[in-house]
Amino acid sequence: MISKDQGLLKEVNQLLRFRVNPILGSGKQMLSWIHMEDLTRMLLFAIQNNALVGVYNACSSDPMPLGQFTRRIARRRYGICYIPFPAPAFLIKLFLGKKVRK
């Protein structure tokens, strides 16, 4: 779920304040996102329609690589005035306190 107040988007926005665009790992990881309003509409529809049964998937019809997602956010906020900052997997693990294997 995409929200400026929590999750991935909150973390990306904190770095974008300094015009730094974090590219986590390879940036090729696919991101199936959904906007909070869309998820809310889906849940409301399910509550109002008793005929619905089973499991449903709530995600965007346009998944994209994580690197492209963060670049798109940076471009919307700052045009071309931002610095891409690749963060390799070992650096992310180190930052999160995970053991780094060689």
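In case you missed it, the structure is sitting above this.
Residues numbered from 1 in each chain as written. Predicted model: local features only at pLDDT ≥ 70, side-chain atom pairs only at ≥ 80, totals over all residues. Heavy atoms only, no water.

Caption draft 1: A look at the overall build of the protein chain. Within the protein chain one finds four helices and four strands. Its helices and strands taken in sequence order, the protein chain reads α-β-β-α-β-α-β-α from the N to the C terminus. Counting over 102 residues, the protein chain shows a buried share of 23%. In the protein chain, once contacts between residues fewer than 6 apart in sequence are set aside, the share between residues at least 24 apart is 75%. As presented, the protein chain carries roughly 8000 Å² of accessible surface, and 61% of it is formed by carbon and sulfur atoms. (Helix = DSSP H or I, 4+ residues; strand = E, 2+ residues; numbered from the N terminus. Buried < 20%, exposed > 50% of the residue type's maximum accessible area, 1.4 Å probe, protein only. Contact = heavy atoms within 4.5 Å. Areas by Shrake-Rupley, 256 points an atom, 1.4 Å probe, with all protein chains shown as cover.)

Caption draft 2: The arrangement of the environment of Asp62 in detail. With respect to the helices and strands, Asp62 occurs in the loop between helix H2 (36-48) and strand S3 (64-65). In this structure Asp62 comes out as partly exposed when scored by relative accessible area, which is 39%. When the C-alpha positions of Asp62 and Ile34 are compared, they lie 9.6 Å apart, and in sequence the two are 28 residues distant. In this structure, Asp62 is in contact with Trp33 and Arg72, ignoring residues within four places of it in sequence.

Caption draft 3: Seen up close, a positive patch on the surface. On the surface, Arg71, Arg72, Arg75 and Arg76 cluster together into a positively charged patch. Mapped onto the elements, Arg76 comes out in helix H3 (residues 66-78). Classification of Arg76 by relative accessible area gives exposed; the value is 75%. (Patch = residues over 30% accessible without salt bridge, like charges linked within 9 Å, V, L, I, M, F, W, Y side chains within 5 Å. Salt bridge = Lys/Arg side-chain N within 4 Å of Asp/Glu carboxyl O. Lys, Arg positive; Asp, Glu negative; His and termini not counted. Charge placed at Lys NZ, Arg CZ, Asp CG, Glu CD.)

Caption draft 4: Molecular detail of helix H1 (residues 7-16). Of all the positions in H1, only Leu9, Val12, Asn13 and Leu16 are classed as buried. Considered in projection along H1, the buried side chains sweep an arc of 100° and stay on one side of the axis. On its buried side, H1 packs onto strand S1 (20-24) and H3. (Arc of directions from axis to C-beta.)

Caption draft 5: Seen up close, H3. Spanning 13 residues, H3 covers 18 Å between terminal C-alpha atoms, matching the ideal 18 Å at 1.5 Å per step. For H3, the complete set of buried residues consists of Leu66, Gly67, Phe69, Thr70, Ile73, Ala74 and Tyr78. The buried residues of H3 all sit within an arc of 165° when viewed along its axis, so they share a single face. Summarising the contacts, the buried residues of H3 are in contact with H1, S1, strand S2 (30-31) and S3. After H3 finishes, the residue Gly79 shows a positive phi value of roughly 65°. (Expected span 1.5 Å × (residues − 1).)

Caption draft 6: Quick peek at the environment of Cys81. Tracing the backbone shows Cys81 in the loop between H3 and strand S4 (83-87). Placed 61 residues apart in sequence, Cys81 and Val20 show a C-alpha to C-alpha distance of 9.3 Å.

Caption draft 7: Structural detail: the environment of Leu43. Positionally, Leu43 belongs in helix H2. Exposure remark for Leu43: the relative accessible area of 47% places this residue in the partly exposed category. As for Leu43 and Tyr56, which are separated by 13 residues in sequence, their C-alpha atoms are 10.0 Å apart.

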